[in-house]
Amino acid sequence: MTRIAIYARVSTEGQADEEVPINGQIDECRKFAAEKGWEVTEVFTDAGFSGRTDDRPSFRRMIDIIKSSPNHKPFDIILCWRSNRLFRSVEHRLAYARIFKRHSIRFVAMHEPEFEGSSAMFMETVLAAADELYVSQISEDTLRGLKQIAMAGYSTGGKAATGYRNVRKVAGLKPNGEPVMRTGWEIDPETAPRVKKTFEMCAAGATGPEIIKAAGVVTSPSSLVSLLRNRAYLGERIYNVMKQVDGKTRRRANTKPEDIIRKENAHEAIISPELFDKVQAVLERKRPHMQGRVQNSKRIYLLTGLLWCKEHQALYIGKTNATLNYYVCGAKNKLGDKISVCRTVKKEIIEEFILSNLKTHIFTDKRIRAGLEHLAKEKVKNKQEDDRERKEILSKIKQVEVELKRFYDAIAAGVSPDNLAQPIEERTAQKNKLSLKLAEIDRQREIGFKITAITDDMISSIKNKITEMLAASPEEIKALLPQFIEKIELDGNVANISYVVSDEQNVACYWRPQGDSNPRSPP
């Protein structure tokens, strides 16, 4: 018999009258399970906890039970009255859906269609693209402001380069007369001489270990080279060249030269241009130069396990020779040209064709619009729940303030403060706790992308983001494709693509024009 766990939640006890109470949710879930012939083995309830966070006692206990059962699953299905009882955000739903999937546990919401498999993968991709679009828009606004700060010669944040220290400066006045403060750099009298010594020793021909030991400003050869190439020591401010990616600083991708901010005389120089140029010449002479043939990186064949030969019902496999990367029918590879005459397929051509079709037939305007509409509905439902919770919290804060006023009036009327110290402390703590909950609701409303109106421009922008995502690393694309494509069957010049996502499942189209010069076998 299918074993299930029921999860029920309300945000605050006062909301139980406006929503379905916890007991009502459990009763409906039990009735639903009985009709399906399922056995209820666990019931998890969280009363007075918001679904905005996953830090809920019973929810965490349920997840811990799942994760601590590696060899057997504690139940087959998690059943909720609605999905927003378990998850308030699509992000959480998709994240925990992966955990459920790893343990072969289904998630079912009584009043909603199941949101798993290829549909979940599609929604995750749309959500990621929409969220990235929102973040990029915010980043552009932030970047614009930071570029203006850098052009004025001020720091945009972070620690000053070794040899300098941050100092606050008045950069102007606000309309109300208050000063506008910015961070600049000034020479650090302790470390600046050692930085200058580092440059001088390098120019004189000292080795890296000698410089590191004598100057003491860096601890590794790579850090030493970075310091010696830093034009900040000429007094220049350079911004928008580097960025953080996955916690690592990397050169900003696709940065146009005109977008890089260079401000001369932004701060006092530690070294002269002549000394800097001399050091760059030394570094260039010491730069290791690659000799001989550069070894090719490992080739990833994206369609392995998906690409089939219709004639022989055999999988295509990836092959490489001196000049070409290509797919060859497994039967042809095993039996040779005399028995199998099916054509080989150039790797780049077929992979580009399949990715193009994936974008055309799966990530369509209609599907993306439907996905955004779903996300928008989630936002509306979450806002309604927030409004109810916010209203109740404000009511409780007002009630606490009335009680505090009564205590203070009593003290003003002659009651000893000592007699009321404890209740005043308790009410103040209660008010602070409620105020924090209210602030958290308001903060969460500002997090994540916002859908004010689903426009053609928004859909187009998300499609562009998805295109960028499908141009990720080969390893990531290879892992992604089986989520959407069930099988690709080659029949001469025609590729029959079977998609996992419902409707538009079978698409047959020419993957190369008639008369294509693609050879029968690699030269």
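The coordinates are above.
What comes next concerns the included structure. No experiment lies behind these values; they were computed from the predicted model shown.

### What to know about the sheet that holds strand 1 (residues 3–10)
Ordered by their spatial adjacency, 4 strands build an open sheet running 2-1-3-4, and the pairing between neighbours is parallel. The open sheet terminates on both sides in strands that have one partner only, identified here as strand 2 (39–47) and strand 4 (106–109). On average, adjacent strands in this sheet sit at an angle of 20 degrees to one another, irrespective of strand direction. Note that strand 1 and strand 2 share 8 bridges and pair parallel. Within the sheet, the bridge partner assigned to Tyr7 lies in strand 2 and is Phe44. Sheet contacts for helix 1 (residues 22–36): strand 1, strand 2, strand 3 (77–80) and strand 4; angle to strand 1, the most-contacted strand, approximately 155 degrees. Those strands touched by helix 2 (residues 57–67) are strand 1, strand 2 and strand 3, and its axis lies near 140 degrees from that of strand 2.

### Details of helix 12 (residues 365–412)
The first and last C-alpha atoms of helix 12 sit 68 Å apart over 48 residues, in line with the 70 Å expected at 1.5 Å per residue. Phi for Gly414, located one or two positions after helix 12, is positive at around 120 degrees.

### So, the packing of aromatic side chains
Applying the stated criterion to the full structure yields 8 aromatic pairs. A centroid spacing of 6.3 Å and a plane angle of 65 degrees characterise the contact between Phe44 and Phe75, whose relative ring orientation is edge-to-face. One end of the pair, Phe44, is in strand 2; the other, Phe75, is in the loop between helix 2 and strand 3, and 31 residues separate them in sequence. For the pair shown, Phe44 and Phe75 are each scored as buried. Put simply, the rings of Tyr164, Trp185, Phe199, Tyr233 and Phe276 pair up and form one aromatic cluster. Positioned above the aromatic ring of Tyr301, the side-chain terminus of Lys347 is 5.4 Å from the ring centre. Just above the ring of Trp308 sits the side chain of Lys487; from NZ or CZ to the centre is 4.9 Å.

### Description of the packing of helix 6 (residues 192–203) against helix 7 (residues 208–215)
Where helix 6 meets helix 7, the axes come as close as 10 Å, and the angle between the chain directions of the two elements is 155 degrees. The orientation of helix 6 relative to helix 7 falls into the category roughly antiparallel. When the axes of helix 6 and helix 7 are compared, the crossing they make is right-handed. For the pair helix 6 and helix 7, contact is made by Arg194, Lys197, Thr198, Met201 and Cys202 and by Glu210, Ile211, Ala214 and Ala215, respectively. Here the residues of the contact of helix 6 with helix 7 sort into 5 nonpolar, 1 polar and 3 charged.

What counts, and where the lines are drawn
- Residues numbered from 1 in each chain as written.
- Predicted model: local features only at pLDDT ≥ 70, side-chain atom pairs only at ≥ 80, totals over all residues.
- Heavy atoms only, no water.
- Pairing = 2+ DSSP bridges.
- Helix = DSSP H or I, 4+ residues; strand = E, 2+ residues; numbered from the N terminus.
- Axes fitted to C-alpha atoms, helices over the stretch in contact; angles between N-to-C directions.
- Contact = heavy atoms within 4.5 Å.
- Expected span 1.5 Å × (residues − 1).
- Phe/Tyr/Trp six-rings, centres within 6.5 Å; stacked < 30°, edge-to-face > 60°.
- Buried < 20%, exposed > 50% of the residue type's maximum accessible area, 1.4 Å probe, protein only.
- Lys NZ or Arg CZ within 6 Å of the ring centre and 35° of its normal.
- Parallel < 35°, antiparallel > 145°, perpendicular 65-115°, else oblique.
- Left-handed = near helix turned anticlockwise from the far one by under 90°.
- Nonpolar A, V, L, I, M, F, W, Y, C, P; charged D, E, K, R; others polar.

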